[in-house]
Amino acid sequence: TIAQLQAQLQVLLAQLNALQSGAAVAPGLITAGKVHITQALSKGSRGNSVKGLQQFLNNHGFIISATGAGSPGQETDMYGGLTEKAVGKFQEKYNIAKPSEPGFGRVGPKTRAKINELSGN
């Protein structure tokens, strides 16, 4: 949709600005379209891994939010309901889990493996 494309454009512009300014990237966050997640994540989780997850999802068309917290360029370190919903869409696309199955909306071993695979890890 147009909102998703605009959100992705904002992410790309933010990445371009960071690269041009030589800004450092915090550990655990996405770098050049890559993220490596090493732990299970679910609603209530916090930290750099969650922020990296949100950046990954936003960059791959599973937009957390079109505006505000969680939107491209404004990712947070909190795994809330919007992140859970985006993870669920990711899982459905890659046939990892369905809404009625255990683990839906959570980043467990299968979801983590697919994210890391798509990130080139």
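In case you missed it, the structure is sitting above this.
An account of the accompanying structure is given in this report. (Residues numbered from 1 in each chain as written. Predicted model: local features only at pLDDT ≥ 70, side-chain atom pairs only at ≥ 80, totals over all residues. Heavy atoms only, no water.)

1. Here we look at the packing of helix α2 (residues 48-59) against helix α3 (residues 81-93)
Put simply, the rule reads: Here the axes come from fitting lines to C-alpha atoms, over the contacting stretch only for helices, and the angles between their N-to-C directions go from 0 to 180 degrees. Only DSSP runs of H or I reaching four residues or more are called helices, and only runs of E reaching two or more are called strands; each is numbered from the N terminus. Should an angle lie under 35 degrees it is considered roughly parallel, over 145 roughly antiparallel, and from 65 to 115 roughly perpendicular; all remaining angles are considered oblique. Crossings are classed by handedness, with left-handed meaning an anticlockwise turn of the near helix from the far one by less than a right angle and right-handed meaning a clockwise turn. Any pair of residues with heavy atoms lying within 4.5 Å of one another is described as a contacting pair.
Between α2 and α3, whose axes approach to 11 Å, the crossing angle comes to 50°. Put simply, α2 runs oblique to α3. The two elements α2 and α3 cross, and the hand of that crossing is left-handed. Here L53, Q54, F56 and L57 of α2 lie close against α3, whose contacting residues are T83, A86, V87 and F90.

2. Describing the pattern of salt bridges
As a reminder of what qualifies: When a carboxyl oxygen of Asp or Glu is within 4 Å of a side-chain nitrogen of Lys or Arg, the pair counts as a salt bridge.
The final tally for this structure, using the stated rule, is two salt bridges. Between E117 and K114 there is a salt bridge whose closest N-O contact spans 3.3 Å. Taken as a pair, E117 and K114 lie in helix α4 (residues 109-118) at a separation of three residues, close to a single helical turn.

3. Observations regarding the environment of A69
For A69, the location among the structural elements is in the loop between α2 and α3. The spacing of A69 and L82 is 13 residues in sequence and 9.8 Å in space, taken between C-alpha atoms. Contact partners of A69, with chain neighbours within four places excluded, come to Q74 and T76.

By themselves, these figures tell us nothing about what the structure is for.
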